[in-house]
Amino acid sequence: MYQALSMQGKTVIVTGGAGGIGAKTLELVCARGANGVVVDIDKQRAEELADQLCKKGAKAIAIAVDLEIEDQINAMVETAYNHFGRIDVLNNNAAALSPDMAGKDMDVETMLTWVWDKSFAVNVRGAMIASRAALPHLVATKGNIINTVSNLALQGHIIQAAYSASKAALIQLTKSMAASHGRKGVRVNAVAPGMTMTPALKEAFPAHIRKMVEDETLRDELGSPEDIAQTIAFIASDAARNITGQTIVCDGGLASHAPGFGPFHAMIHEGE
């Protein structure tokens, strides 16, 4: 089992790889022997992480990519392949989720068209182009694609209509690619985090909003980037070789219960 978790010699591309879940995923797979490809729109942060990984004994490179620009995405895959000679895992992890986006992504009645378009351009179109470019290499290595989505893709909410819809589209893309390329040896899955305590999330959502979600979580705290990275690394490994076409929800049980868990829990345990 432990050998099946090894990533020795495999090349792993992670978009949005310079911070939060992406960075922790790269740290984990590189610690298990993978070659890391840190892809991020922020060139400096990507290079800093790649340098840190190399100092720990890993092989890693940084590539600056804007996922709204097709040529840059195609070049990313070509660069990764030319450098390491193989591609085994593509983790489409990047998302348009800046504080500016989060503050404007509310309901459809108030939706700004550019917010909707950017959500789909980065979260779905960018992931599709990256997958399209990587698939011939993944067929050769019998590799896999992991799309980082969200539990909001599976639930209705009063906010984040664009983000939720784009991630739901990415789940369907996951199923489509799993179906089209399963017999070619490629697995495709999605991992759906709940609210995760990344630096970007802390900036985008104030503490009182995070507390509202925490109160509805079955664990006693929100998930960490390390929690999600562990799930992604497992799905990427041969230990998960019989898992494909699936969405693995990793949200601390948030989506598993009836509404009102937080108030009911507080009422029943009042005075303990």
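The written sequence of each chain sets the order in which its residues are numbered from 1. Only residues with pLDDT of 70 or above have their local features reported here, since the model is predicted, and side-chain atom pairs are shown and tallied only from 80 upward, although totals for entire chains, interfaces and linings are computed over all residues. Computation of side-chain values covers all heavy atoms of the structure but excludes hydrogens and water.

Novice: Looking at this structure, I do not really get the overall build of the protein chain. What am I missing?
Specialist: Under the DSSP-based scheme used, a helix requires at least four consecutive residues in state H or I and a strand at least two consecutive residues in state E, with every element numbered from the N terminus. Within the protein chain, the regular secondary structure consists of 10 helices and seven strands. Relative to its length of 272 residues, the protein chain is compact, with a C-alpha radius of gyration of 18 Å against a globular reference of 19 Å. Considered along the principal axes of its C-alpha atoms, the protein chain spans approximately 60 × 45 × 40 Å. Only heavy atoms enter the contact rule, under which two residues are in contact if any of them lie within 4.5 Å. A fraction of 74% describes how many contacts in the protein chain between residues 6 or more apart in sequence connect residues 24 or more apart. Within the structure as shown, the protein chain displays about 13,100 Å² of accessible surface, and the carbon and sulfur contribution to it stands at 54%. Within this scheme the basic residues Lys and Arg register as positive and the acidic residues Asp and Glu register as negative, but His and the chain ends are omitted. The atom standing in for a charge is NZ when the residue is Lys, CZ when it is Arg, CG when it is Asp and CD when it is Glu. Between the averaged position of the 24 positive side-chain charges in the protein chain and that of its 29 negative side-chain charges there is a distance of 10 Å. Two things to know: the radius of gyration comes from C-alpha atoms, and the globule rule equals 2.2 Å times the number of residues to the power 0.38. Only the protein chains shown count as cover for residues, and all accessible areas are computed by the Shrake-Rupley method using a 1.4 Å probe.

Novice: Mind showing me how you'd approach the layout of surface pockets here?
Specialist: The probe, sized like a water molecule, is rolled over the atoms to show the empty space still left. Computed over the protein atoms alone on a 1 Å grid, cavities are sets of points where a 1.4 Å probe fits but cannot get out and pockets are open sets with protein on both sides within 12 Å along at least five of seven lines; a residue lines them when it has an atom within 4 Å of a point. Grid points are joined across faces, edges and corners, and a volume is the space filled by probe spheres set on the points. For the second largest pocket, the calculated volume is near 210 Å³. Lining of the second largest pocket is provided by 17 residues; of these, K142, G143, G185, R187 and D238 occupy positions nearest its centre. Its residues placed into classes, the lining of the second largest pocket shows three nonpolar, seven polar and seven charged. Any residue that is not Ala, Val, Leu, Ile, Met, Phe, Trp, Tyr, Cys, Pro, Asp, Glu, Lys or Arg is counted as polar, Gly included; the first ten are nonpolar and the last four charged.

Novice: I tried to follow helix α3 (residues 70-84) on my own but got confused; where do I start?
Specialist: An α-helix turns once every 3.6 residues. As a result, residues three or four positions apart point the same way. Given a helix with a known number of residues, its expected span is that number minus one, times 1.5 Å. The end-to-end C-alpha distance of α3, which contains 15 residues, comes to 22 Å, matching closely the 21 Å that a straight helix rising 1.5 Å per residue would cover. For α3, the full list of buried residues reads I73, M76, V77, A80 and F84. Down the axis, α3 shows its buried residues gathered within 85 degrees of arc, on one side only. Exposed residues pointing more than 90 degrees away from the buried face of α3 are listed as D71, E78 and N82. Backbone geometry just downstream of α3 places G85 in the positive-phi region, at approximately 80 degrees. When accessible area is computed with a 1.4 Å probe and restricted to protein chains, residues below 20% of their type maximum are described as buried, those above 50% as exposed, and intermediate ones as partly exposed. Think of it as the arc spanned by the lines of direction from the helix axis to the C-beta atoms.

Novice: Quick question: what am I supposed to make of the environment of T247 here?
Specialist: If you trace the backbone, T247 turns up in strand β7 (residues 247-250). For T247, a relative accessible area of 23% corresponds to the partly exposed category. Sequence separation between T247 and A192 is 55 residues; the distance between their C-alpha atoms is 6.6 Å. Residues in contact with T247, not counting those within four places in the same chain, are V149, L154, I171, A190 and A192.

Novice: Looking at this structure, I do not really get the environment of K118. What am I missing?
Specialist: Among the structural elements, K118 can be located in helix α5 (residues 113-141). Looking at K118, the relative accessible area reads 28%, which means it is partly exposed. Along the chain, K118 and H269 lie 151 residues apart, while their C-alpha atoms are 44 Å from each other. Excluding anything up to four places from it in sequence, K118 contacts E68, A96 and M101.

Novice: Looking at this structure, how should I read unusual backbone geometry?
Specialist: What you tend to see is this: most non-glycine residues have negative phi, and most peptide bonds are trans. Phi is positive for K142, close to 55 degrees, though the residue is something other than glycine. Looking at the element boundaries, K142 is found in the loop between α5 and β5 (144-148). Residue classification places K142 among the exposed residues on the basis of a relative accessible area of 59%. Not every positive phi belongs to a glycine, and Q160 is a case in point at roughly 60 degrees. Structurally, Q160 is set in the loop between β5 and α6 (161-181).

Novice: Before we go on, may I ask you to explain the pairing of strand β4 (residues 89-92) in this structure?
Specialist: Within a regular strand, side chains alternate between the sheet's two faces. Where burial is concerned, the two faces of β4 agree: the one with V89 and N91 and the one with L90 and N92 are both buried. Where β4 lies against β5, four bridges are found, and the strand directions are parallel. Bridging across to β5, L90 finds its partner in I145. Pairing between two strands is assigned when DSSP locates at least 2 bridges connecting them.

Novice: Sorry if this is basic, but what is going on with helix α9 (residues 225-236) here?
Specialist: When the terminal C-alpha atoms of α9 are compared, their 16 Å separation across 12 residues agrees well with the 16 Å that a helix rising 1.5 Å per residue should span. Of the residues making up α9, those classed as buried are P225, I228, A229, T231, I232, A233, I235 and A236.

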